[in-house]
Amino acid sequence: MEQPLKLSVKDLSVTYVGRDGEKTEAVRDVSFDVADKPDCGEIIVFLGPSGCGKSTILKSIAGLTPPTEGEILVDDKPVTEVGRDRGMVFQTYTSFAWLTVRKNVEYGLKLQGIEKEKRKELSNKILEEVGLADFAERYPKDLSGGMKQRVAIARTLVNNPRIVLMDEPFGALDPQTRWGMQSLLLQISKIENNTIVFVTHDVSEAVYLADTCYVLSKRPAQILEKVDVPPFPVKDITLKSTAEFRAIENQLLQMLYNKS
Ligand SMILES: Nc1ncnc2c1ncn2[C@@H]1O[C@H](COP(=O)(O)OP(=O)(O)O)[C@@H](O)[C@H]1O
Ligand SMILES: [Mg+2]
């Protein structure tokens, strides 16, 4: 029997038309499938140069930007609008300044009408996972950049979406915090078993996070290659300086710069 698909993007093309009628072709003929593997977290990374159309691909999957051509299916149903089955984390911090960390995380649950005790149970679990248990009653302004992004991740994950869309979520962080967040994301994806579609222009980040990496051309984004990143036995701070890791980084760099 054919494996069911969680996400299927078929011949996605997006052309923006500006107010003056000027056209910008952002995405051309992008097709890929993500199988539904219950109880197995998976990270799919789109690696491409700045301005190539990465955010546009994610926004189409999110239901924010309609395809000009092609189709997107989540669990065999066409995407026509935003939905709770997909959650998005952006590069810029998107928490509500007037709400505590806990209330930010519980916001979506409250909208769904989930009662207080259950909300608290769910937010406690996720705040623990992202390492913010001790900051639940603080406000976003009291947090560092990395911690603010953890709030954003927690806010998305607490709704238990089928697919998590992450748009360069660590791009604004300093290198050390960034590395810590990448490790945290790997840990979380093992616990939560989500499908994460992650876009970045950072080659090292792509190799570190990806199970599967799609390398994109410069604008309009087209898929140049699909690379299955081998599972590294240990993903700790030493990995990035190993020959095996560097070899894959080099392979991706060649693809990016030779063809795009
Ligand atoms: N709403 C929009 N209207 C017109 N052009 C846009 C819009 N959003 C993005 N673009 C253009 O589409 C191209 C791809 O943008 P984007 O998907 O944001 O790329 P990336 O995320 O890879 O940097 C860019 O040239 C950008 O200027
Ligand atoms: Mg972008």
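Remember, it's a predicted structure, so these values are computed and weren't measured experimentally.

A. Local environment of the sheet that holds strand E7 (residues 163–167). Strand order in the open sheet formed by 6 strands is E6-E7-E8-E3-E9-E10, with mixed pairing between adjacent strands. Here the strands that pair on one side only, and so sit at the sheet edges, are strand E6 (86–89) and strand E10 (223–228). With direction set aside, neighbouring strand axes in the sheet form an average angle of 15 degrees. Bridging between strand E3 (residues 42–47) and strand E9 (residues 212–216) involves 4 bridges; their strand directions are parallel. Within the sheet, the bridge partner assigned to Val-45 lies in E9 and is Cys-213.

B. Up close: the site of ligand 1. Close to ligand 1 lie Tyr-16, Thr-24, Ala-26, Pro-49, Ser-50, Gly-51, Cys-52, Gly-53, Lys-54, Ser-55, Thr-56 and Arg-219, which account for all nearby residues. Take Cys-52: an N or O atom from its main chain is 3.1 Å from an oxygen atom of ligand 1. Contact with the protein chains covers 61% of the free accessible surface of ligand 1, which is 560 Å². No other element matches helix H1 (residues 54–62), which puts 3 residues into the shell around ligand 1.

C. Main features of the environment of Ser-204. Relative to the assigned elements, Ser-204 resides in helix H6 (residues 203–209). Note on Ser-204: relative accessible area 18%, which makes it buried. Residues Ser-204 and Arg-86, 118 residues apart in the sequence, show an inter-C-alpha distance of 26 Å. A polar atom in the side chain of Ser-204 sits 3.5 Å from the side chain of Lys-240.

D. Inspection of the sheet that holds strand E4 (residues 69–74) at higher detail. Judged by pairing direction, the sheet is antiparallel, and its 4 strands sit side by side in the order E2-E1-E4-E5 without closing on themselves. What marks the edges here is a single partner per strand, and that holds for strand E2 (23–35) and strand E5 (77–78). Bridging between strand E1 (residues 5–17) and E2 involves 9 bridges; their strand directions are antiparallel. Residue Leu-7 lies in a different strand from E2, and its bridge partner there is Val-34. Together, E1, E2 and E4 form the strand contacts of H1, whose direction differs from that of E1 by roughly 120 degrees.

E. Molecular detail of the pattern of salt bridges. This model, assessed by the stated rule, comprises 16 salt bridges. For Asp-75, the salt bridge goes to Arg-162, with nearest N and O atoms at 2.6 Å. Residue Asp-75 is located in the loop between E4 and E5, and its partner Arg-162 is located in the loop between helix H4 (145–157) and E7; the two are separated by 87 residues in the primary sequence. Given the relative accessible area of 25%, Asp-75 is considered partly exposed. Note that Lys-118 is salt-bridged to Glu-121, the shortest N-O span being 3.5 Å.

F. Structural view of helix H2 (residues 101–111). Within the span of H2, buried status applies to Val-101, Arg-102, Asn-104, Val-105, Glu-106 and Leu-109. Positioned one or two residues after H2, Gly-113 has a phi angle of 80 degrees, which is positive.

G. How the structure looks around the domain arrangement of the protein. Entries for the protein in the domain assignment read domain 1 (5–85 + 162–259) and domain 2 (96–160). For domain 1 versus domain 2, the separation of C-alpha centres amounts to 25 Å. On the domain 2 side, the residues contacting the 14 residues of domain 1 number 13 residues. Both sides together, the interface formed by domain 1 and domain 2 hides about 1200 Å², and carbon and sulfur atoms give 66% of it.

H. Quick look at the nonpolar core. Ranked by internal contacts, the top residues of the largest apolar core, which has 48 residues, are Ile-153, Met-166, Phe-198, Val-207, Leu-209, Cys-213 and Leu-252. No other element matches H4, which puts 6 residues into this core. When residues of this core are assigned to domains, at least three map to each of domain 1 (5–85 + 162–259) and domain 2 (96–160). Excluding its chain neighbours within four sequence positions, the residues that come into contact with Cys-213 are Val-45, Leu-47, Ala-206, Glu-225, Lys-226, Val-227, Val-229 and Leu-252. In this structure, Val-14, Leu-58, Ile-61 and Leu-216 belong to the second largest nonpolar core, which totals 27 residues.

The rules we used
Residues numbered from 1 in each chain as written. Chains lettered and ligands numbered in written order. Predicted model: local features only at pLDDT ≥ 70, side-chain atom pairs only at ≥ 80, totals over all residues. Heavy atoms only, no water. Pairing = 2+ DSSP bridges. Helix = DSSP H or I, 4+ residues; strand = E, 2+ residues; numbered from the N terminus. Axes fitted to C-alpha atoms, helices over the stretch in contact; angles between N-to-C directions. Near = heavy atom within 4 Å. Polar contact = N/O pair within 3.5 Å; in protein donor to acceptor, adjacent residues only side chain to side chain. Areas by Shrake-Rupley, 256 points an atom, 1.4 Å probe, with all protein chains shown as cover. Buried < 20%, exposed > 50% of the residue type's maximum accessible area, 1.4 Å probe, protein only. Contact = heavy atoms within 4.5 Å. Salt bridge = Lys/Arg side-chain N within 4 Å of Asp/Glu carboxyl O. Domains from an automatic or database assignment. Buried area = accessible area lost by both parts, 1.4 Å probe. Core = buried A, V, L, I, M, F, W, Y, C linked by side-chain atoms within 4.5 Å.

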